[in-house]
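Architecture at a glance
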Amino acid sequence: MKIGILGVGHIGKTLALKLAQAGHDVVVANSSRPENIDPAVLATGAVAVTALQAVQNKEVIILSVPLNRIPELAPLFEAVSQESTVIDTSNYYPGRDSRIESIEAGMVESLWVVQQLGRPIAKAWNAIGSHSLVVNGKPAGSPDRIAIPIAADRDIDREVTTRLVNDTGFDAFDTGSLADSWRQQPGAPVYCTDLTLDEMQAVIDTAEKHRLPKRRDLAVAAIMERVDNPTTNPDAEYGVRLSRALYM
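Everything numeric in this text was worked out from a predicted model, so none of it was measured. (Residues numbered from 1 in each chain as written. Predicted model: local features only at pLDDT ≥ 70, side-chain atom pairs only at ≥ 80, totals over all residues. Heavy atoms only, no water.)

Section: the packing of aromatic side chains
This model, assessed by the stated rule, comprises one aromatic pair. Seen in terms of ring centroids, Tyr191 and Tyr247 are 6.1 Å apart; in terms of plane orientation they differ by 55 degrees. Their pairing is tilted. A residue pair is termed long-range when its members are at least 10 positions apart, and Tyr191 in the loop between strand 8 (171–174) and helix 9 (197–203) and Tyr247 in helix 11 (residues 236–247) qualify at 56 residues. Each of the two residues, Tyr191 as well as Tyr247, counts as buried. Between Arg226 and the ring centre of Tyr238, over which it is positioned, the NZ or CZ distance is 3.9 Å. (Phe/Tyr/Trp six-rings, centres within 6.5 Å; stacked < 30°, edge-to-face > 60°. Helix = DSSP H or I, 4+ residues; strand = E, 2+ residues; numbered from the N terminus. Buried < 20%, exposed > 50% of the residue type's maximum accessible area, 1.4 Å probe, protein only. Lys NZ or Arg CZ within 6 Å of the ring centre and 35° of its normal.)

Regarding the side chain of Thr168
Here Thr168 shows up in the loop between helix 8 (155–167) and strand 8. The class of Thr168 is buried, set by a relative accessible area of 2%. Contact partners of Thr168, with chain neighbours within four places excluded, come to Leu15, Lys18, Leu19, Trp125 and Gly137. (Contact = heavy atoms within 4.5 Å.)

Thoughts on the environment of Trp125
Along the chain, Trp125 falls in the loop between strand 6 (122–123) and helix 7 (130–135). The class of Trp125 is buried, set by a relative accessible area of 0%. Separated by 66 residues in sequence, Trp125 and Tyr191 have C-alpha atoms that sit 10 Å apart. Separated by 3.3 Å, the side chains of Trp125 and Thr168 make a polar contact. (Polar contact = N/O pair within 3.5 Å; in protein donor to acceptor, adjacent residues only side chain to side chain.)

Following this line, the structure appears as structure tokens:
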């Protein structure tokens, strides 16, 4: 598939490497210029382009930028076909993204993204830690293969997203519509807990929407006490242990 990825942070970089390695035609763009993209991102065949080029004539566009930057990208989508599948990987963290009042009032993060872009999207790869995405992928059918929750309103978006999640080494767990995608937001039992399909099915309905922000903020406070640097991730095992203790 022809895939454009906007953003080459921890998640965007890994998706570029994995999807190009899986045989897809992948281009990547950052917030500045193509020549500023780390050559390591291109190691398996992805090509560095401008942001405009990354969305032109693509079957799939993946957004891997902080949530508060999504409104800046809206003009790029004015000429993007409605037939293209747009997959958002972002999460709302008010300490990083500043307060977004509609989300604070309870709006589902994915629906806020739809509102900003004015088009359908799918949600995926937001609920797995960056290190786990790099090292824990396994071939389909492998025992204990980790699942990644996805959500979409259109069947084609759900089908494409499921295929691409599988190509990155994980099972796709369908959490339902975008209105239901709060069940994969930070603080939910399936968020960064590295569960299998069966384990995810067992806990998905235990999510309590009103508790998620408090649990998210508890996790942030625990991580900040441990690393004392908002740009540093905790070690991967600690992150999973913490998420399971607070969210499940």
